[in-house]
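Observations on the three-dimensional arrangement
Listed below, chain by chain, are the residues.
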Amino acid sequence: GRCAGKCGTGGQGKGRKESQAVVMSEPKSPTPTPGDTYKGWLFKWTNYIKGYQRRWFVLSNGLLSYYRTQAEMGHTCRGTINLATANIAVEDSCNFVISNGGAQTYHLKASSEVERQRWITALELAKAKAVQMQAESDDSGDDFPAVSPNSGQGGDCRNTEIQSTLRTLNSKVEDLATCNDLIVKHGSALQRSLSELEGLRVAVDMGEKVKQVTERATLFRITSNAMINACRDFLSMAQSHSKRWQKALQTEREQRIRLEETLEQLAKQHNHLERAFRGATVLPPSFRGVSGKADASDEDDDNEFFDAMEEPFDELSLASNPESPQPLELEPVRQRRTRIPDKPNYYLNLWSIMKNCIGKELSKIPMPVNFNEPLSMLQRLSEDLEYYELLDKAAKSHSSLEQMCYVAAFTVSSYSTTVHRTGKPFNPLLGETFELDRHRECGYRSLCEQVSHHPPAAAHHAFSEKGWTLRQEITLASKFRGKYLSIMPLGSIQCIFEKSNNHYSWKKVTTTVHNIIVGKLWIDQSGEIDVVNHKTGDRCHLKFAPYSYFSRDVPRKVTGVVTDKDGKAHYVLSGTWDEKMEFSKIMQSSKGENGTEGKQRTVYQTLKAKEIWRKNPLPEGAENMYYFSSLALTLNEPEEGVAPTDSRRRPDQRLMEEGHWDEANAEKQRLEEKQRSTRREREREAVKAASAHPDTYQALWFEKMDDPVSGETLHIYKGGYWEAKEQGNWDMCPDVF
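Where an unreviewed UniProt entry is consulted, the chain appears under the name Oxysterol-binding protein, with the organism given as Maylandia zebra. One UniProt comment on the chain, placed under Sequence similarities (unreviewed entry), says "Belongs to the OSBP family." What UniProt states about the chain under its Subcellular location (unreviewed entry) heading is, verbatim, "Membrane".

Here is the structure:
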């Protein structure tokens, strides 16, 4: 459970050490105090056509930023003003203006005079603090005293200042790029005019051409001056901060050395104490308790937890169900590989490729393997099965609500492998397949097939001897936005349990890859998922919170509530999609006070949280192997007997894994051209046959049909693959590679 002292409803938490509360929606806005993050809705003047528009404003660390919606906080900031240099003026009872004396001026309107005064108070406090921080920073510019690891707020302030400066420098770099483009444009136009001027023969046209050349020369001079001024600003700012950052770096290095020396001394002392303790009396088992450690507290978002008493009964009935004894293996289980060749360190000018891709569909852009990881999208889909044990446990559950908890945890677990995986998987070729036969080790078999090329779509079917079937069809829509890449998985995932006949379905959230051009790539998952049991009407609503610089919440946070068909809540889930998930049984719920947007909050009294899923640690050296998990390392391992269309047989992917990237790029181009040629031939044959659909491709192992339970249309496995493998008969397979 989480500490009661951090909760927005502290009054309800006090004196209830044996209960746990989960509070849904936002609490009421507090009175602003120095250092607080203050946020809320304001109306911002845009133009005379649209007038005032509702925007989400966030005040944090001396910076006022705004977004169109709260959901944008993780990826798209529409504007920021540094309050240290800003003027704040009140116009009337609801209107006020914030300006930095330059190009940024915000005309804002609050919903009431009270709300306006709250914002003015928060802004004035933040400005005073920002000015004080700037003055202290300027005074210590040359000295740059060391900041101790425990300095807390001071370290946060310096980090905020550096982040603000980096954002400003980045803005200056963008200005330089814009000026450069304008200079090239106007310079080319001026050169054309001069060439035309030289070729004139008639004196009558001379005056008009000279006027045109003069105008273009003036434009060129203006843009050149803008470039010079932008260069001067950038150079001045970089020089003013360079010396201080060098001193800061030296300070950090010295602190690291001192810390390493301290750790070495502590290690020696620990070793000495351990040897001394071995001669002491061993404590009885009743004294070997593990003290509970509270998770990082949540600010005020959806869920707030308090310590809970131990339940007098099992949380899930399946906990009392022992595993059935397994038959003895007649043959040893295959030992799979634990390493692949390290990723080569090839330099690639990312911007030279991506600058022409802004706003385009990523699947239609030819990309070198330098952006890839040596796995196909079919293999990435198969990675969803890394935590198949959750479905095994769900299959044994006697309660559909308990089963829903495991299914929900399984949906979250599929994202844990993506946290460091910034490489793009290979786009599968049409007709490409991938099998994952783990029947002897794990009890399941899995098959994927690329069933469509434009739009790219993959069908997946997995079944287990433990009594569950997983099937999905995913179509990826992706857009490159300049600074980040959005990947929107379209389609449905379904899980059917044989014993209970419970039929679940859900969809995937949006994946965002940040810092495409500048900085270190990082991945975020955001959005909401509804896991629905179509037989019982049970539902689990999961929220993936987008990452925000301004939030004090745990990064990559996921929360959820399991309800029955009548909407009554029975379980609460919480955790992060990259580490672990916990669940708690709800004992009582009540209505709390209204949030900032008028929504009434629900307070859940729960039993103590229990861990339901935890991410497996990455193998040693994973950072040099594309951050692959132990399962991912085995996916492209060569296997005998697989279909000739299997991703393991794809030559460009194999060459990339072995480190031959130039050869892999050449092979990738050959395969893509072969696929285009095959499609053109298929279209010609369809035209000859007078087909109404010139590119009707029929998948080999899957068939498109309507699912009567969920009402969705998707490709469903029609059988025959594993029988063909057993017989070694692949005559029906197309020539893909």
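1. Observations concerning the pattern of salt bridges
Tallying each qualifying case throughout the model produces 36 salt bridges. With a closest N to O distance of 2.9 Å, E373 and R421 form a salt bridge. On the criterion of sequence distance, the pair formed by E373 in strand β9 (residues 372-376) and R421 in the loop between α8 (400-413) and β10 (424-426) is long-range, its members being 48 residues apart. Each member of the pair, E373 together with R421, is buried. For E681, the salt bridge identified is with R684, shortest N-O distance 2.6 Å. You can see E681 and its partner R684 sitting in helix α12 (residues 661-688), 3 residues apart, about one turn around the helix. By relative accessible area, E681 is classed as partly exposed at 35%. Among the charged side chains, a network of salt bridges with common partners joins R334, R336, E441, E637, E639, D646 and R648.

2. Focus: the sheet that holds strand β6 (residues 87-90)
Through backbone hydrogen bonds, the strands of a sheet pair up, either in parallel or in antiparallel fashion. Spatial strand order, β5-β4-β3-β2-β8-β7-β6: 7 strands in an open sheet with antiparallel pairing. Here the strands that pair on one side only, and so sit at the sheet edges, are β5 (79-82) and β6. Taken over all neighbouring pairs, the strand axes of this sheet differ in orientation by 35° on average, direction set aside. As judged from the 9 bridges shared by strand β2 (residues 38-47) and strand β3 (residues 51-60), these two strands associate in the antiparallel manner. Bridge pairing in β3 links Y38 to L59.

3. Focus on the UniProt feature "coiled-coil region" (unreviewed entry) in the chain
When the UniProt feature table is mapped onto this chain numbering, "coiled-coil region" (unreviewed entry) sits at residues 242-276. With 100% helix and 0% strand, residues 242-276 has its two end C-alpha atoms placed 51 Å apart.

4. As for α8
Taking 1.5 Å of rise per residue, the 14 residues of α8 would be expected to cover 20 Å, and the 20 Å separating its terminal C-alpha atoms lies within 8% of that figure. Of all 14 residues making up α8, 13 are buried, and the element is well covered by its neighbours.

5. So, unusual backbone geometry
Negative phi is the rule for most residues except glycine; trans is the rule for most peptide bonds. H454 connects to P455 through a cis peptide bond whose omega is 0°. Here P455 is to be found in the loop between β12 (444-452) and β13 (457-464). In this model, N61 sits at a positive phi of 55°, which is unusual for a non-glycine residue. Assignment of secondary structure puts N61 in the loop between β3 and β4 (63-67).

6. Examining α12
With 28 residues, α12 extends 41 Å between its outermost C-alpha atoms, agreeing within 8% with the 40 Å of an ideal straight helix rising 1.5 Å per residue. Contact partners of the buried residues in α12: β10 and α11 (651-657).

7. Some details on the packing of aromatic side chains
Evaluated as defined, the whole model comprises 20 aromatic pairs. Taken together, W701, Y721, W722 and W730 form an aromatic cluster joined through their ring pairs. A cation over an aromatic ring shows up here: K109 above the ring of Y52, its NZ or CZ 4.5 Å from the ring centre. One residue, R556, lies across the ring of W577, its end atom 5.8 Å from the ring centre.

8. Observations concerning the nonpolar core
In terms of nonpolar packing, the biggest core is built from 64 residues, with W468, L470, F497, W506, V531, L542 and F544 touching the most fellow members. In terms of residue count, the dominant contributor to this core is α8 (9 residues). With sequence-adjacent residues up to four places away left out, W506 is seen in contact with V407, F410, T411, L470, S492, I493, C495, I529, D530 and V531.

9. Describing the pairing of strand β21 (residues 569-576)
Taking burial as the measure, the 8 residues of β21 include 8 buried ones, the bulk of the element. Sheet analysis places strand β20 (residues 557-563) next to β21, joined by 7 bridges and oriented antiparallel. Each bridged residue has a counterpart across the sheet, and for T563 the counterpart in β21 is A569.

10. Some words on the pairing of strand β15 (residues 484-497)
Counting buried positions over the 14 residues of β15 gives 10, a clear majority of the element. Note: strand β14 (residues 468-480) against β15, 13 bridges, orientation antiparallel. Counted as the bridge partner of E473 is S492 from β15. Linking two consecutive strands that pair antiparallel, namely β14 and β15, is a turn of 3 residues; a positive phi of about 100° is found at G482 within it. Here β15 pairs with strand β17 (residues 510-514) via 4 bridges, running antiparallel. Each bridged residue has a counterpart across the sheet, and for Y484 the counterpart in β17 is H514. Sheet analysis places β15 next to strand β16 (residues 503-506), joined by 4 bridges and oriented antiparallel. By the bridge assignment, Q494 is partnered in β16 with S505. Hairpin connection between β15 and β16: a loop of 5 residues separates the two successive antiparallel strands, and N501 in this loop has a positive phi of roughly 65°.

What counts, and where the lines are drawn
Residues numbered from 1 in each chain as written. Predicted model: local features only at pLDDT ≥ 70, side-chain atom pairs only at ≥ 80, totals over all residues. Heavy atoms only, no water. UniProt positions renumbered as here; feature names shortened; annotations may be inferred. Salt bridge = Lys/Arg side-chain N within 4 Å of Asp/Glu carboxyl O. Helix = DSSP H or I, 4+ residues; strand = E, 2+ residues; numbered from the N terminus. Buried < 20%, exposed > 50% of the residue type's maximum accessible area, 1.4 Å probe, protein only. Pairing = 2+ DSSP bridges. Axes fitted to C-alpha atoms, helices over the stretch in contact; angles between N-to-C directions. Expected span 1.5 Å × (residues − 1). Contact = heavy atoms within 4.5 Å. Phe/Tyr/Trp six-rings, centres within 6.5 Å; stacked < 30°, edge-to-face > 60°. Lys NZ or Arg CZ within 6 Å of the ring centre and 35° of its normal. Core = buried A, V, L, I, M, F, W, Y, C linked by side-chain atoms within 4.5 Å.

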